[in-house]
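# Chains, contacts and geometry: an overview
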Amino acid sequence: MIKYTGEQIINEFNNFRNNQSILKNILEELRHRNTRKMVALRVQVVILLKKNDNTSRPFFYFTGDQLNKEFKNQIDNQNLLTILLEELEYRKAPKMKELKKIVSRRLCQMDNSK
């Protein structure tokens, strides 16, 4: 995918959200974007790709660094953190085990504050 502006990427996403091939291209372009808006869109694209693949791991293709960024960017989003925790159940790297503990603690804090 050629370099697009954030708005162009959003338009592509909205126009072609049912096209797996285009969604994969959008995801590749979004891997290089770190604004909140683009990170949130990346999550939406991954979730859509996974829904269409009938899998239950929307963060399957995320690297450890990307999972850390998702945690930091979505620290108050209980639903997303629950999905992230589920993904971390599959990760065996020491840093991912540590992130799993952190996410779990954060979810407990959120439950206790209700």
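Predicted model only: the values in this text are computed from it and were never measured. (Residues numbered from 1 in each chain as written. Predicted model: local features only at pLDDT ≥ 70, side-chain atom pairs only at ≥ 80, totals over all residues. Heavy atoms only, no water.)

Per-residue confidence for the protein gives a mean pLDDT of 86; residues scoring 70 or more make up 93%. Element-level mean pLDDT values for the protein span from 81 in helix α3 (residues 36-53) up to 94 in helix α4 (residues 64-73). (pLDDT = per-residue confidence, 0-100. Helix = DSSP H or I, 4+ residues; strand = E, 2+ residues; numbered from the N terminus.)

On to the nonpolar core, then. In a soluble, globular protein the nonpolar side chains are often hidden away together inside. In terms of nonpolar packing, the biggest core is built from 28 residues, with L41, V45, L67, L84 and V103 touching the most fellow members. Mapped onto this core, the elements with two or more residues apiece are α1 (6-15), α2 (20-30), α3, α4, α5 (78-88) and α6 (94-112). Ranked by residues supplied to this core, first place goes to α3 with seven residues. Not counting residues within four places of it along the chain, the set of residues in contact with V45 comprises F13, L23, I26, L27 and L30. (Core = buried A, V, L, I, M, F, W, Y, C linked by side-chain atoms within 4.5 Å. Buried < 20%, exposed > 50% of the residue type's maximum accessible area, 1.4 Å probe, protein only. Contact = heavy atoms within 4.5 Å.)

What follows covers the environment of G6. Relative to the helices and strands, G6 is located in helix α1. Between the C-alpha atoms of G6 and T35, which are 29 residues apart in sequence, the distance is 9.4 Å. What G6 contacts, discounting residues up to four positions off in sequence, is R33 and M38.

Here we take up the pattern of salt bridges. Tallied over the full model, the rule gives nine salt bridges. R42 is paired through a salt bridge with E70; the nearest N and O atoms lie 3.5 Å apart. Placement of R42 in helix α3 and of E70 in helix α4 is noted, with a sequence separation of 28 residues between them. Like R42, the residue E70 is buried in the burial classification. Linked by salt bridges that have partners in common, R57, E87 and R91 make up one network. (Salt bridge = Lys/Arg side-chain N within 4 Å of Asp/Glu carboxyl O.)

What follows is about the side chain of Q66. Note that Q66 resides in helix α4. Among the polar contacts listed, one links the side chain of Q66 to the backbone nitrogen of T63, at a separation of 2.8 Å. Residues contacting Q66, with those up to four places away along its chain left out, are R31 and Y61. (Polar contact = N/O pair within 3.5 Å; in protein donor to acceptor, adjacent residues only side chain to side chain.)

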